[in-house]
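Here's the letter readout for the chains.
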Protein chains: 4
Amino acid sequence: MNYQSTIFSAYLSDPEIATLISDEALIKKMLQFEAALATAQAKLGMIPQTAAAEIKTVLNTITIRPADLTAGTLQNGIPVVTLVALVKQQLSKEAQSYFHFGTTSQDVMDTAIVLLVKDALAVIHNRTTGLIKALQHLSEQYGATLCMARTRAQLAMPVTFAHKINAWLQPLQNQAAGMQQLEKNMALQLGGAAGDAAAFGTNATALVNEVATILTIAAAPAWHAQRSNIAALGNWLALHAAILAKMGADILVMAQSEINEVEENAAGGGKSSAMPHKNNPVLSEALVALGKINAGLQSQLLLAVIHQNERDATAWILEWNTLPQLLINTATALQHATTIATGIKVNTKQMQDNVTKFQQSK
Amino acid sequence: MNYQSTIFSAYLSDPEIATLISDEALIKKMLQFEAALATAQAKLGMIPQTAAAEIKTVLNTITIRPADLTAGTLQNGIPVVTLVALVKQQLSKEAQSYFHFGTTSQDVMDTAIVLLVKDALAVIHNRTTGLIKALQHLSEQYGATLCMARTRAQLAMPVTFAHKINAWLQPLQNQAAGMQQLEKNMALQLGGAAGDAAAFGTNATALVNEVATILTIAAAPAWHAQRSNIAALGNWLALHAAILAKMGADILVMAQSEINEVEENAAGGGKSSAMPHKNNPVLSEALVALGKINAGLQSQLLLAVIHQNERDATAWILEWNTLPQLLINTATALQHATTIATGIKVNTKQMQDNVTKFQQSK
Amino acid sequence: MNYQSTIFSAYLSDPEIATLISDEALIKKMLQFEAALATAQAKLGMIPQTAAAEIKTVLNTITIRPADLTAGTLQNGIPVVTLVALVKQQLSKEAQSYFHFGTTSQDVMDTAIVLLVKDALAVIHNRTTGLIKALQHLSEQYGATLCMARTRAQLAMPVTFAHKINAWLQPLQNQAAGMQQLEKNMALQLGGAAGDAAAFGTNATALVNEVATILTIAAAPAWHAQRSNIAALGNWLALHAAILAKMGADILVMAQSEINEVEENAAGGGKSSAMPHKNNPVLSEALVALGKINAGLQSQLLLAVIHQNERDATAWILEWNTLPQLLINTATALQHATTIATGIKVNTKQMQDNVTKFQQSK
Amino acid sequence: MNYQSTIFSAYLSDPEIATLISDEALIKKMLQFEAALATAQAKLGMIPQTAAAEIKTVLNTITIRPADLTAGTLQNGIPVVTLVALVKQQLSKEAQSYFHFGTTSQDVMDTAIVLLVKDALAVIHNRTTGLIKALQHLSEQYGATLCMARTRAQLAMPVTFAHKINAWLQPLQNQAAGMQQLEKNMALQLGGAAGDAAAFGTNATALVNEVATILTIAAAPAWHAQRSNIAALGNWLALHAAILAKMGADILVMAQSEINEVEENAAGGGKSSAMPHKNNPVLSEALVALGKINAGLQSQLLLAVIHQNERDATAWILEWNTLPQLLINTATALQHATTIATGIKVNTKQMQDNVTKFQQSK
């Protein structure tokens, strides 16, 4: 089974994304947030420069392992309390009082997740661009070939193969055009205990801008209880996977033994332990499955928008659970779709023969 | 139970939207599409002007009742085949051959739905604007009052009531800003049998532009097998309802008997058949429920993007089932949220007392 | 679009079930519950016989139309308060005080829904039995024919057609065997204001038994805040539809133009408005779609089990919304599956030819 | 984020179940299946005793690490092909031809998962029994105390605390009673290439019985394309988590600062990094979140029942993805619920005071 599975790590997961959003990465991003906060607060005169310098030194050198946070996360329902305590142990009494100043667990957690997402989206962006190029290339190579359109599971009319490829390509290009807005939505969260930045006084806006600049993410008003940006990200990821699932579903039909217009893998597809003649389009199957899984996950992210009061872990936990899977599933699907687009065997003669047979039957 | 229910038509449905997307409206929009097509084709010289004139006369005068299409929809899995046949019965032999020329059921159905959605979105747009104003007014009236923030179901820190209202208002304003793009996505579908506009020859692009102009919707390449626009619409609607559900969830807490910071309905809330003292915040409850329902529905629209081949009713039907509910639920939620925003009783003294009690307890 | 649609009422809905769970039926069942309660309370000496007689006379003769309850349902978030008030208007002062005695809205609503469900399940039971017989008959007629098994979208090995039919039949038989428990779960709800039957004193258990006997449903402890029985019903309905969807999915492959082992409808399938040669398996498509829809709906019913405190409309409304759709979708799917099982054209020669072709290719 | 997370392994996951369904466990169970098959086939004279002995020796001694299967799983869409190849490398030529005889990847995979599930269910069974006892003990200790029922988010009437506990306890007892059937459903899958046990000839039934006996699981006809048993398991797990989520939701209300009838953790609850006064009921929050997550996952398992043809990875993968999460989430929720039931602080005086205050206000 694929939960935390090495066996399925290449077929139904993605090691690159998994590393980018790992526990170790989360810890690093949480420390990075705290460092940016101290730096900005010192710059704005909110805490002493010496305290900031000490804090940054400790944050740069401290080693916090995931297992150090396990018990604290169970106790507090969040890893940040323990992480803050571990850092404070290495700080002088004075620096302690300036560390994590005016902020709260949610600021750390939300911003760290934003930073992880940003890294993962960079990979997803590259893969999307790569896939678009591969599909364009495929269309240039084989697009002029006539093949059968199929509507409601029946032969319809001849179309070009380019027409089929375009139904995969066009939505991906639209998605790519939407990525910039998506990344802009992934903004700094910094609002303190109740999200109103009360502890920062008149420096609140300047501080938000400064921290965002240091972390090279967008500045924004606190969104601690407004989770639309996460839901919008989820929708993009779910839609991306659904678009790739449509590509997979089309290939599964074209690759059917009886139709044989394409073979998913020119180098030979999936084997069976019982039937040596099999040539299974296993990546296309994964595309369809990943699309369905992401569709289901997105409903969880929409539920997470129903975030009660100023902080609500009955909703927040849904994000922690769902977002990593959405990122990994989408990245995995992009990988497989690119493998297909570059490695597919197009049986142009068979395409043409199927068209001829259809025309003769009418 | 609320399916097709008059009993629940005001509490869990919306008669205005229900009328806008009714069977009668669908029939009207389908005929409207056919009229626009004939007009445009005549203008472009694709069919004779006389045929177009005859077609438009019949389309303007014919009466097709929903029940006329029931048996045909069961037979063909789509109402369009029967609708076209009924129109043809009233056309001359010659005009028959120019009616529905080069188009297909999906063009009619998809475009008619786009036209219905456009009407429903206009209502949703107005209600959203109205709600934003009502919340701004509420914030102007009572926003300065201090009340308790609550995090993870516990008292946190005092904030202004404006801070709470802002968590409902800000996301709605973002949503409102996104509506223009949403409507632009709701474009004409016109691609013919296999979606490649083959029957229109070199006139294809001009025809799309002309029909779109007549119907005052956006022109676009055929999207018969690319359903991202529908999924994006669904996400907007689901997100809208989730944002309103968050508002409902917050009010349910503030209106708890033990907290008593607000009463949902200054004129008296829901009654119980057994407990005369009850003052139930029944609109807030509906908001939360509608948000959950829409979150679940959106996963269906994402599944519908996995649309196999050039037309796939195993996916398409999901849209027919889901989209009306999403529209109605969102519009209902907007109605209730506005009722709350304008009719809520804010117990400013109790808010202040709760803050004082908190501060004394520390 | 199919919401409240006459156009789609035969293809994607079911008039028989729709009538059984209509507003009118709900009102009738609510009145029936009140009559049974008064009868039982009089028998147990909890209210005077004369009051019970008067109450029953009014309940038998009163006309309450759905529209009479619309405004009250919006006001109170439940139709029962208004229904009770309308009945009381026709009662003497004395009888008023004995009407709806010790009970509450939820008792009326939950039990009325149980009674509606029982009626709908009777239809579903009959259709399931009919479908099982039709599939057995189909297997007797054609089961011995060899045809191709397909695994992972590729030709696998020859099997009998009976082997394929059995994958539809066996799960249905298991489901049928589970219906008795399902109906037993649909028990009387009678607990009063807070669900602990406090107002009934020492008569509580006797009253529950008596009312259940009159209504010919199972007696049970109050389940007002324990919604597992509804979720279990939903799972059965969703599973039923998913099993039929698997049948639909199989037929869609076997009916593909290129495979041609079956035609969904021996009398001619769905037509296209653009392609006269089409023979679309539109009932199988509906089966697949209805299975997906029910799968999504079941997650709503599971969410409804998270029913906060002693009554929680943010959860309860999910049941009102979901259960009717699950019942209708399942009944519709049974209807279509039976139409297919009895009207399918089995091309035994083609089945055999496909096997031969496969064997020669190896 | 909690995917593959050590940080969240105690709060939102369960190391005990994670180990029981790990890659290593899966490999062990796959080898166990092959050993049972060879043993049974030798006993029935289907393969030579010497071959069976050699096969069992290799299966007992071979070391296959998860990473050994990663590339093969990507290639074949299933780990079994590679696992079989690795075993064969260590077998004599003769024994190779008798290894994995007549079976197929799906038999190995499905049965291995059944064996993993059986182990996980044993833990879940024990925890359920333990939780039931803990709740019974809690009810014995504090059940007689009066506290306020709350309906539709408002104070309703006084009830006993036992009445509230019973709404958690009763559904769990029903669930416990259903476990035996659940385990019986988790039967051997053994059908070979196309699922019809063709390769086993007249020994098919005897072989199924023998292998099932060796593995101490139920025998059953091949269910390769009938996934109702997996869906039924998922529903039980989702329902279990939803019942516990209802308990969590109730406690979140009772533990609100303003209500204070209970504290989730008598030893002190979750802390905040910004607010030292906080005492967060973080386990109850997790219960609610896990219930929602499982509700969403179950819709995936229902979709997996729509399993096309004789093997369909677009559906099967949904099971691989969903089942582990359902098991882990349910087991985690049981752990947390038991922690709460045994460690909760019940403020009986506050309960009584809240009742008195309510009674005086009327």
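This text follows the structure it describes.
These lines cover the structure that appears in this document, whether it is placed above or below.

The rules behind these values
Residues numbered from 1 in each chain as written. Chains lettered and ligands numbered in written order. Predicted model: local features only at pLDDT ≥ 70, side-chain atom pairs only at ≥ 80, totals over all residues. Heavy atoms only, no water. Helix = DSSP H or I, 4+ residues; strand = E, 2+ residues; numbered from the N terminus. Contact = heavy atoms within 4.5 Å. Areas by Shrake-Rupley, 256 points an atom, 1.4 Å probe, with all protein chains shown as cover. Axes fitted to C-alpha atoms, helices over the stretch in contact; angles between N-to-C directions. Parallel < 35°, antiparallel > 145°, perpendicular 65-115°, else oblique. Left-handed = near helix turned anticlockwise from the far one by under 90°. Buried area = accessible area lost by both parts, 1.4 Å probe. Salt bridge = Lys/Arg side-chain N within 4 Å of Asp/Glu carboxyl O. Polar contact = N/O pair within 3.5 Å; in protein donor to acceptor, adjacent residues only side chain to side chain. Nonpolar A, V, L, I, M, F, W, Y, C, P; charged D, E, K, R; others polar. Buried < 20%, exposed > 50% of the residue type's maximum accessible area, 1.4 Å probe, protein only. Phe/Tyr/Trp six-rings, centres within 6.5 Å; stacked < 30°, edge-to-face > 60°. Least-squares fit on C-alpha atoms with pLDDT ≥ 70 in both.

For chain A, the count of helices and strands is 13 helices and four strands. For chain A, the C-alpha atoms occupy an extent of roughly 85 × 40 × 35 Å along the three principal directions. Nonlocal contacts in chain A, meaning residues at least 24 apart in sequence, comprise 77% of its contacts between residues at least 6 apart. Carbon and sulfur atoms form 53% of the exposed surface of chain A, whose accessible area is close to 11,000 Å².

Time to look at the packing of helix α7 (residues 105-142) of chain C against helix α11 (residues 228-254) of chain C. Residue and element names in this part refer to chain C. It is the contact of α7 with α11, at a shortest axis distance of 13 Å, that shows an interaxial angle of 30°. The angle between α7 and α11 places the two elements in the roughly parallel class. In the crossing of α7 with α11, the sense of the turn from one axis to the other is left-handed. Contacts between α7 and α11 involve Val117, Leu121, Ile124, Thr128, Leu131 and Leu135 from the former and Leu233, Trp236, Leu237, His240, Leu244 and Met247 from the latter.

With that settled, consider the interface of chain D and chain B. The interface is formed by 27 residues belonging to chain D together with 27 residues belonging to chain B. Area buried by chain D at its contact with chain B is led by Arg152, Gln154 and Glu258 of chain D, which between them contribute 28% of it. Summed over the shared surface of chain D and chain B, the result is four salt bridges. Here Arg150 of chain B makes a salt bridge to Glu258 of chain D, at a shortest N to O gap of 2.7 Å. At the boundary of chain D with chain B, the tally comes to 19 residue pairs in polar contact (both at pLDDT 80 or more). The biggest single contributor to the side of chain D that touches chain B is strand β2 (residues 154-160) of chain D, with four residues. A breakdown of the residues in the side of chain D that touches chain B according to their chemical character gives 14 nonpolar, seven polar and six charged.

If you walk through the whole model with that rule in mind, you get 56 salt bridges over all chains. Salt-bridge contacts for Glu261 of chain D lead to Arg150 of chain D; the nearest nitrogen and oxygen are separated by 2.9 Å. Placement of the pair is Glu261 of chain D in the loop between α10 (228-254) and β3 (262-263) and Arg150 of chain D in strand β1 (residues 146-151), with a sequence separation of 111 residues. Like Arg150 of chain D, Glu261 of chain D is buried. Within the structure, one salt-bridge network assembled from shared partners comprises Asp14, Glu16 and Arg127 of chain A.

Turning to the packing of aromatic side chains, a few remarks are in order. Across all of its chains, the model carries 12 aromatic pairs over all chains by this definition. Taking the centre distance of 6.5 Å and the plane angle of 85° together, the rings of Phe161 of chain B and Trp168 of chain B count as edge-to-face. Both rings, one in Trp316 of chain D and one in Trp320 of chain D, keep their centres 4.8 Å apart while their planes meet at 55°; by these two values the pair is tilted. On the criterion of helical spacing, the pair formed by Trp316 of chain D and Trp320 of chain D is a turn pair, its members being four residues apart in helix α12 (residues 313-343). A single burial state applies to Trp316 of chain D and to Trp320 of chain D, both of which are buried. In this structure an aromatic cluster arises from ring pairing among Phe8 of chain A together with Trp316 and Trp320 of chain D.

This part takes up the packing of helix α11 (residues 282-304) of chain A against α12 of chain D. Contact pair α11 of chain A / α12 of chain D: the axes reach a minimum separation of 8 Å and the direction vectors enclose 55°. Accordingly, the angle class assigned to the pair α11 of chain A and α12 of chain D is oblique. As α11 of chain A runs across α12 of chain D, the sense of the crossing is right-handed. Only Ala313, Thr314, Ala315, Ile317, Leu318 and Asn321 of chain D of α12 of chain D make contact with α11 of chain A, whose side of the interface consists of Glu285, Ala286, Val288, Ala289, Lys292 and Ile293 of chain A.

These two copies of the chain differ by a rotation about an axis and a displacement along the same axis. Laying chain A over chain D is done by rotating through 180° and shifting 0.0 Å along the axis; what remains is an RMSD of 0.0 Å. What we have between these two chains is a two-fold relation. Minimal C-alpha distance to the rotation axis in chain A is attained by Gln4 of chain A, lying at 2.6 Å. Taken as a fraction of all interface residues of chain A, those also at the interface in chain D reach 99%, which identifies the copy contact as same-surface.

The quantities given are spatial measurements derived from coordinates; they are silent on function.
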